[in-house]
Amino acid sequence: MAEETTDILAKATVLGLGSAGTKVMKELSLIGASSWLTIGAADTDKSSLDNSGLANTFPIGFEWTQGTGCGGNVIKGERAFAHPSRNVINDFIKESSLLIVAGGLGGGTATAGCSSIARTSRKLGIPSVFIVTLPFSFEGHSKRELADGGIKMLLPDADIVIAIPNDILYSSMPAHTPAEEAFRKSDIEIARAIMGIAEIIRCRNLLSADLSDFKNVLQKRKSVCCIGLGTAQRSEGENFCHAALERLMSSPLLGGPDSLKDIDAAILTLTGGPELNIGEVRHSLEAVQRYIGSEVRLIVGANTDPLYTGFVQITLVSVRYEFMPEIPSSEEKGELQDFTEQPSSDQPELPLLPVSKGIFANTSRNIVASQDLDIPTFLRQGVHLDKGK
Amino acid sequence: MFKNRQIITAVEIGTSKICVLIGEASPQGHLSVLSHGETVVEPGAVLKGEIIDMDRVTKNLDEAIEKAEYSADTEIDSSNLYIAVTGSHIRAMRGSGHVIVTGESRKVNQEHMVEALKNATMVGIPPECVILNSIDGNFVLDGLRRIADPEGQIADKLEAFAHIIYGNRNCIENFQAPLRELGYDNSIPVFSLISAASGVLTDDELKNGVLLIDMGAGITEYMLFHDSGAHASGVIAVGTDHIANDLSVGLDINNISLFRKMLVNNTFHSKKEQGSAFIEIEGNIGTRKIPAVTIEKIIDLRVRELFNLILSQLQTTKMLPFIDRGIVLTGGGALLPQVRDIAGAVFETPVRVGNPIELSGAVTNLKSPRYGMVFGLLKHGERDRQIRYSGASGPSGQMIRHIDRKLISASRETLRLIKNAFKF
């Protein structure tokens, strides 16, 4: 098992809740480099646990649900997690240095279970990260409300909550993708995101970045965060770090390289085998830095692990604050803060007046210093012209 | 070494014209222009330096190549085919690298310089970008002395600075695509302003500092040179097309090609010289008399804004005081007297029009700033060809001074290229 091979300091436990979480755990256990993680799954539905093929499965509240699940009833889920059978879960997580929980909100088990697990981990003093998916928009308003309620319950106790709308996961796939494959791919994507986050607490030996950095960046509530992950084999040739970066940028959860332009903070970790050399580290980290610009608060970690022999994995967690809460200095505390002037950005003027770009109407944007250079200068500067007769 | 004559071809896919120059290099390395094929790009097929309509561009390029091949009475040598690349996606950055000078005497030798330059070009760029060209700026000894040629100097540490130009890979390949369509697979992309610098700048200007501005129909590029190295560069997607468009929008005359033609023929300026206060333009509904002041104002606002943008971008580099030789203006925009005047007024330095220099050969109608870039590309291509074919030692035993390598074709042995690199 993993505990024997890795440092006790860096024992990460991953728990899947509900049938969605269990499926993610199944995919996670199939990823080769995940063997240092302790993986478990808890569900009220017997069949989903049986199909997972995991070593640690925790049936919850089977005594009175008869192993048929909660059927989307949160009260049932809460009862199940209040039942003595959940003590096994407490035992399972109590010695870990990081707990990562995955689940699909909107059902019964995960919606209730997440907040319950969050309370336990807070009591045990284990930092916890929750990666939860939100239901599809076509699943209806009621499910969405359940999920929102679940997040509200979760926020006070969890250290980090990353909520991923299911719609995002599928928006990156072509419409003709077979349904089964699409669902499986999205599970894999979440599993890989878990791998990436778990990697953060291990980044001690080359460049240190750890969970406190992560918490520090995410502590401003109301931040939106995206995860991207790219791996590449050394056998892919000299530019394999670049290949990993490209895959990172095309990660569906990251939202494309363009989304990196307006982020506020980023956590970047790079893991490779023992043969990883400094030139490769420098090259790939610099490339990302150039990508996201100089004003972004960047936390960089690098790590080597024999599990990663022959390949490299780059993880990027990008964070965008929904609003920039200025932390008032000690004198100013309590006073009303004026709105600070917005920094100049690449955003063009609002098209309040119909302006003509002429032949440049359908070309790529041409914004320099907040000015759309394709609009005639005299229009932008409001110069009146005598057009003659 | 070069027994047969060498055919070099330079291709420019511009916003207003597609131009193909075929040149011949003698065994002594002397370059003469054999022929010149040019077609006017159909309006709208290329805008702001970006190809919009691939089919029409390919057709026009085919015609231009045919014309050039016909009058040169030779075929293009596809291994020596150079294509100018531009666009607002192109960015520049400064790379730096250093080596510790080893050896008993602590004398800087060529190997140190190669190593330092190699380190300087190892920079991280965004993954969807590729390095297009790199030009070395200069060397710094022990962090104290800036020097262009450090060989033989005694120092502990040698630093090299390189000006690296990179761009979006897809956008660059878009320029090569029409050539590929026509069967020329191995075209070599070169940033168009590097070509223009080879074509219009004198050694004296490169050494003492000059700001080169190439204002084409769709796009304007600038680069600042001092001490034979590049120090700052940029691309702004504004060209003479924008002036024509501003006029068309501002005067409510929806006839962009009319304004393009008037700009090329300098109609506005000659009318002004004649002292007429009104200019008659054939509008949508009959002829209109438009005050010359209005036209002048529209052009002035646009051009002044463009140069002020360049000025503000250059001010951050703190290199402006170094342009002893002023501004060299090339490209179609340099033909407009108003553009020259405004450039001089904004930068407060003398302005020279960059015509192709050291031009020789059968073709004589190239002496115009419109051809500065494509002629420079031919010259640049000839130097690059010599580097590629000359083996270990550079021609006439010239030292490594400047690098200009292309990482686009991965098959090149980069080290060999650096060893045989050139000076502008």
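Our structure's up above, just so we're on the same page.
My aim in this report is to walk through the structure given alongside it, one point at a time. (Residues numbered from 1 in each chain as written. Chains lettered and ligands numbered in written order. Predicted model: local features only at pLDDT ≥ 70, side-chain atom pairs only at ≥ 80, totals over all residues.)

### Considerations on the overall build of chain B
Of regular secondary structure, chain B possesses 12 helices and 18 strands. Expressed as a percentage of the 424 residues in chain B, the buried residues total 53%. Here the contacts in chain B between residues at least 6 apart in sequence split such that 69% fall between residues at least 24 apart. (Helix = DSSP H or I, 4+ residues; strand = E, 2+ residues; numbered from the N terminus. Buried ≥ 20, exposed ≤ 12 C-beta atoms within 10 Å, placed from the backbone. Contact = placed C-beta atoms within 7 Å.)

### Some points on the overall build of chain A
A count of helical and extended segments in chain A gives 14 helices and 12 strands. Residues classed as buried in chain A amount to 42% of the 389 residues present. Pairs at least 24 apart in sequence give 74% of the contacts found in chain A among residues at least 6 apart.

### Let's talk about the pairing of strand 4 (residues 98-104) of chain A
If a strand is regular, its side chains alternate between the two faces of the sheet. Residue and element names in this part refer to chain A. Counting buried positions along strand 4 yields 7 of 7 residues, so the element is predominantly enclosed. Along strand 4, one buried face is formed by Leu98, Ile100, Ala102 and Gly104 and the opposite face, lined by Leu99, Val101 and Gly103, is buried too. Looking at chain direction, strand 1 (residues 12-17) and strand 4 are connected through 6 bridges and run parallel. Bridged to Ala12 within strand 4 is Leu98. Note: strand 4 against strand 5 (residues 128-134), 6 bridges, orientation parallel. The partner of Leu99 across the bridge, within strand 5, is Ser128. Chirality of the crossover, the property in question, places the unit of strand 4, helix 7 (residues 109-124) and strand 5 among those that are right-handed. (Pairing = 2+ DSSP bridges. Right-handed = clockwise from strand over helix to strand, strands pointing away.)

### Focus: the environment of Ala343 of chain B
All names here are of chain B. Topologically, Ala343 is positioned in helix 10 (residues 337-347). By C-beta crowding, Ala343 is classed as buried, having 27 other C-beta atoms within 10 Å. Those residues within four positions of Ala343 in sequence are excluded, and the remaining contacts are Ile213, Phe307, Ile327, Leu329 and Val351.

### Digging into unusual backbone geometry
One can expect most non-glycine residues to show negative phi and most peptide bonds to be in trans. All names here are of chain B. For Asp73, which is not glycine, the phi torsion reads 55° and is therefore positive. Positive phi is not limited to glycine here, since Asp252 has a value of about 55°. Along the chain, Asp252 falls in the loop between helix 6 (240-250) and helix 7 (256-264). For Asp252, a count of 11 C-beta atoms within 10 Å gives the class exposed.

### Things to note about the sheet that holds strand 18 (residues 351-353) of chain B
Residues and elements named next belong to chain B. One open sheet accounts for 5 strands, arranged 14-13-12-17-18; its pairing is mixed. Each end of this open sheet is capped by a strand with a single partner; those strands are strand 14 (229-236) and strand 18. Within the sheet, the average angular offset between the axes of one strand and its neighbour, ignoring direction, is 20°. When strand 12 (residues 210-215) meets strand 17 (residues 327-330), the two strands line up parallel, connected through 4 bridges. Within the sheet, the bridge partner assigned to Asp214 lies in strand 17 and is Thr330. (Axes fitted to C-alpha atoms, helices over the stretch in contact; angles between N-to-C directions.)

### So, the interface of chain B and chain A
Interfaces are often described in size by the accessible area the parts lose on coming together. Counting residues at the interface gives 34 residues for chain B and 31 residues for chain A. Breaking the side of chain B that touches chain A down by element, the ones donating at least two residues are helix 6, strand 16 (287-291) and helix 9 (292-315) of chain B. The dominant element in the side of chain B that touches chain A, judged by the number of residues it contributes, is helix 9 of chain B, at 7 residues. Grouping the constituent residues of the side of chain B that touches chain A by class yields 17 nonpolar, 7 polar and 10 charged. (Nonpolar A, V, L, I, M, F, W, Y, C, P; charged D, E, K, R; others polar.)

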